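Close look at the chain arrangement
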There are 2 protein chains.
Amino acid sequence: MKLLLASRNEGKLVEFRLLLPGFELLPWPKTAPGIPEDGAFFRDNAAQKADFARAWWSRHGEAELDGVLADDSGLCVEALHGGPGVLSARFARELEQDEKNRALLAMMPLDARRNASFVCVLAFAPFPAGELVYAEGTVEGKLAPHPAGTRGFGYDPIFIPKGYRRTFAQLGNRVKSRLSHRARACEALKLMV
Amino acid sequence: MKLLLASRNEGKLVEFRLLLPGFELLPWPKTAPGIPEDGAFFRDNAAQKADFARAWWSRHGEAELDGVLADDSGLCVEALHGGPGVLSARFARELEQDEKNRALLAMMPLDARRNASFVCVLAFAPFPAGELVYAEGTVEGKLAPHPAGTRGFGYDPIFIPKGYRRTFAQLGNRVKSRLSHRARACEALKLMV
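Below you will find a few notes about this structure. The structure presented is a predicted model; accordingly, all values stated were derived computationally and were not measured. (Residues numbered from 1 in each chain as written. Chains lettered and ligands numbered in written order. Predicted model: local features only at pLDDT ≥ 70, side-chain atom pairs only at ≥ 80, totals over all residues. Heavy atoms only, no water.)

1. Regarding the relation of the copies chain A and chain B
Superposing chain A onto chain B takes a rotation of 180 degrees combined with a translation of 0.0 Å along the rotation axis, leaving an RMSD of 0.0 Å. The superposition operator between the copies reduces to a two-fold rotation axis. Residue Gly82 of chain A, judged by its C-alpha, is the member of chain A lying nearest the rotation axis, at 2.6 Å. Taken as a fraction of all interface residues of chain A, those also at the interface in chain B reach 100%, which identifies the copy contact as same-surface. (Least-squares fit on C-alpha atoms with pLDDT ≥ 70 in both. Contact = heavy atoms within 4.5 Å.)

Here it is as structure tokens:
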């Protein structure tokens, strides 16, 4: 199955290639326009990205596709009332990711519970037409005391999954591809498409 | 104590007057500009509103003040990964509130847990200068099966606080002023200013 990934995020592309080994994944072309995401829910954003990418590919795409895959994901921190959540990518956009990680940790009240979860919502858009299919995955964990590790991407250096003592960025893809939010969403998606 | 409320929301003004009986509350003038809120966290937004309103009042205000009070609040739904949360006001802005309430209920998966919480973060800005003081309040509950009640405002018709069987919009201010997120945030604030 040939899928277009509606994302310019290299980290996501690497993970999806590991998580969906039976699929051929095309990255979003560098020359294509940016993909909008301004929804209030992960699901809205995933749908918005899948719809946008499918419509664009219909007019400009250079290969046959079976579908378009879009991912909206984020880190939800209990003591920050679920934030940055759906705004994970938009929060402090002017900062590099490592500064963003430190900024997020700095926002935590000293005595706060550090519970957090990573959420991933996938939207699959059959090509050239057809209703979207959604799949969700969540992994519970907590915020690390400080950023650690160099693998993965995004907030991985500050997230310690439940049952582990190191961050996703320390644990790397062998662990992450088993229990991450994205891994779980992919498992759910594979049952449906 | 004379406070400027950095909000055009009539419902909030009514509630704050009940919750802060020792305070004189001025509403945000109809002729004043809209107050921005584009942060990723309730606290960011409350700070942004308080700062904006204090700066504007310094230049254009027509009365002496002791401080500016800003409120950022929202409904966090567990099954929607904490959404609309900080985006509660921005979600589906084109809809009237009663349509918004129905749209939110329609987004709930059929078998989903209906746990939700209302969150309020207050920022108090001393006038004419001084560091902001923050106070938070939360009330746990669940989403109603359908909107009910005419009192209160915002998402009140679809929120049933824990321990009750009716919505905030049915229960009205006698209950709401005892246990709402805003009531709890006001209690915390009164200890500090």
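2. Some thoughts on the packing of helix H4 (residues 168-179) of chain B against helix H5 (residues 181-190) of chain B
Residue and element names in this part refer to chain B. Look at H4 against H5: their axes get within 5 Å of each other, and the N-to-C directions meet at 45 degrees. Here H4 is positioned oblique relative to H5, judged by the angle of their axes. You can see that H4 and H5 cross each other, and the crossing is right-handed. For the pair H4 and H5, contact is made by Lys176, Ser177, Arg178 and Leu179 and by His181, Arg182, Ala183 and Arg184, respectively. Considering only residue class, the contact of H4 with H5 consists of two nonpolar, two polar and four charged. (Axes fitted to C-alpha atoms, helices over the stretch in contact; angles between N-to-C directions. Helix = DSSP H or I, 4+ residues; strand = E, 2+ residues; numbered from the N terminus. Parallel < 35°, antiparallel > 145°, perpendicular 65-115°, else oblique. Left-handed = near helix turned anticlockwise from the far one by under 90°. Nonpolar A, V, L, I, M, F, W, Y, C, P; charged D, E, K, R; others polar.)

3. Overview of the pairing of strand S5 (residues 115-126) of chain A
Residue and element names in this part refer to chain A. Taken across its 12 residues, S5 has 11 buried, putting it largely inside the fold. In this sheet, S5 lies alongside strand S3 (residues 67-77) in antiparallel orientation, the contact comprising 11 bridges. Each residue of the ladder has a partner; that of Gly67, found in S5, is Pro126. For S5 and strand S6 (residues 133-143), the ladder comprises 10 bridges, and the chain directions are antiparallel. By the bridge assignment for S6, Cys120 is matched with Gly137. Here S5 hands over to S6 after six residues, with Gly130 in that stretch at a positive phi of 130 degrees. (Buried < 20%, exposed > 50% of the residue type's maximum accessible area, 1.4 Å probe, protein only. Pairing = 2+ DSSP bridges.)

4. Some thoughts on the packing of aromatic side chains
A complete count under the given rule lists 14 aromatic pairs over all chains for this structure. Centroid distance Phe118 of chain B to Phe168 of chain B: 6.1 Å. Interplanar angle 15 degrees. Geometry classified as stacked. With a gap of 50 residues between them, Phe118 of chain B in strand S5 (residues 115-126) and Phe168 of chain B in helix H4 connect regions that are remote in the sequence. Taken individually, Phe118 of chain B and Phe168 of chain B each receive the classification buried, so the pair is uniform in this respect. Here the aromatic cluster, defined as three or more aromatic residues joined through ring pairs, consists of Trp28, Phe52, Trp56 and Trp57 of chain A. Of note, Arg43 of chain A hangs over the ring of Tyr134 of chain A, and the distance from its end group to the ring centre comes to 3.7 Å. (Phe/Tyr/Trp six-rings, centres within 6.5 Å; stacked < 30°, edge-to-face > 60°. Lys NZ or Arg CZ within 6 Å of the ring centre and 35° of its normal.)

5. What about helix H1 (residues 10-19) of chain B?
For H1 of chain B, every residue scored as buried is listed here: Gly11, Lys12, Leu13, Glu15, Phe16 and Leu19 of chain B. Taking the backbone nitrogen of Gly11 of chain B as reference, a side-chain oxygen 2.8 Å away marks Asn9 of chain B as the first, capping residue of H1 of chain B. (Polar contact = N/O pair within 3.5 Å; in protein donor to acceptor, adjacent residues only side chain to side chain.)

6. Considering the interface of chain A and chain B
Across the contact, 19 residues belong to chain A and 19 residues belong to chain B. Carbon and sulfur atoms supply 77% of the area that chain A and chain B bury against each other, a total of about 1,400 Å² over both sides. The largest contributions to the chain A side of the interface with chain B come from Phe41, His81 and Leu87 of chain A, which together make up 49% of the buried area. Linking chain A to chain B there are zero salt bridges. If you look at where chain A meets chain B, you find two residue pairs in polar contact (both at pLDDT 80 or more). Elements supplying a minimum of two residues to the side of chain A that touches chain B: helix H2 (42-60), strand S4 (83-84), S5 and S6 of chain A. Class assignment for the residues of the side of chain A that touches chain B results in 13 nonpolar, four polar and two charged. (Buried area = accessible area lost by both parts, 1.4 Å probe. Salt bridge = Lys/Arg side-chain N within 4 Å of Asp/Glu carboxyl O.)

7. Topic: the packing of helix H1 (residues 10-19) of chain A against helix H5 (residues 181-190) of chain A
Residue and element names in this part refer to chain A. Their axes nearest at 10 Å, the elements H1 and H5 cross at an angle of 50 degrees. Taken together, the axes of H1 and H5 are oblique relative to one another. For the element pair H1 and H5, the recorded crossing hand is right-handed. Residues Lys12, Glu15, Phe16 and Leu19 of H1 form the contact with H5, whose own contacting residues are Arg182, Ala183, Cys186 and Lys190. Looking at the contact of H1 with H5 residue by residue, the class counts come to four nonpolar, no polar and four charged.

8. Considering the pairing of S3 of chain A
Residues and elements named next belong to chain A. Counted residue by residue, S3 has 11 buried out of 11 residues, so it is predominantly covered. Of the two faces of S3, the one lined by Gly67, Leu69, Asp71, Ser73, Leu75 and Val77 and the one lined by Val68, Ala70, Asp72, Gly74 and Cys76 are each fully buried. Taken together, the three bridges between strand S1 (residues 2-5) and S3 define a ladder with parallel strand orientation. Each residue of the ladder has a partner; that of Leu3, found in S3, is Gly67. Bridging between S3 and S4 involves two bridges; their strand directions are antiparallel. Note on S4: the bridge partner recorded for Val77 is Gly83. Here S3 folds back onto S4 in antiparallel fashion, the turn holding five residues, of which His81 has a positive phi close to 55 degrees.

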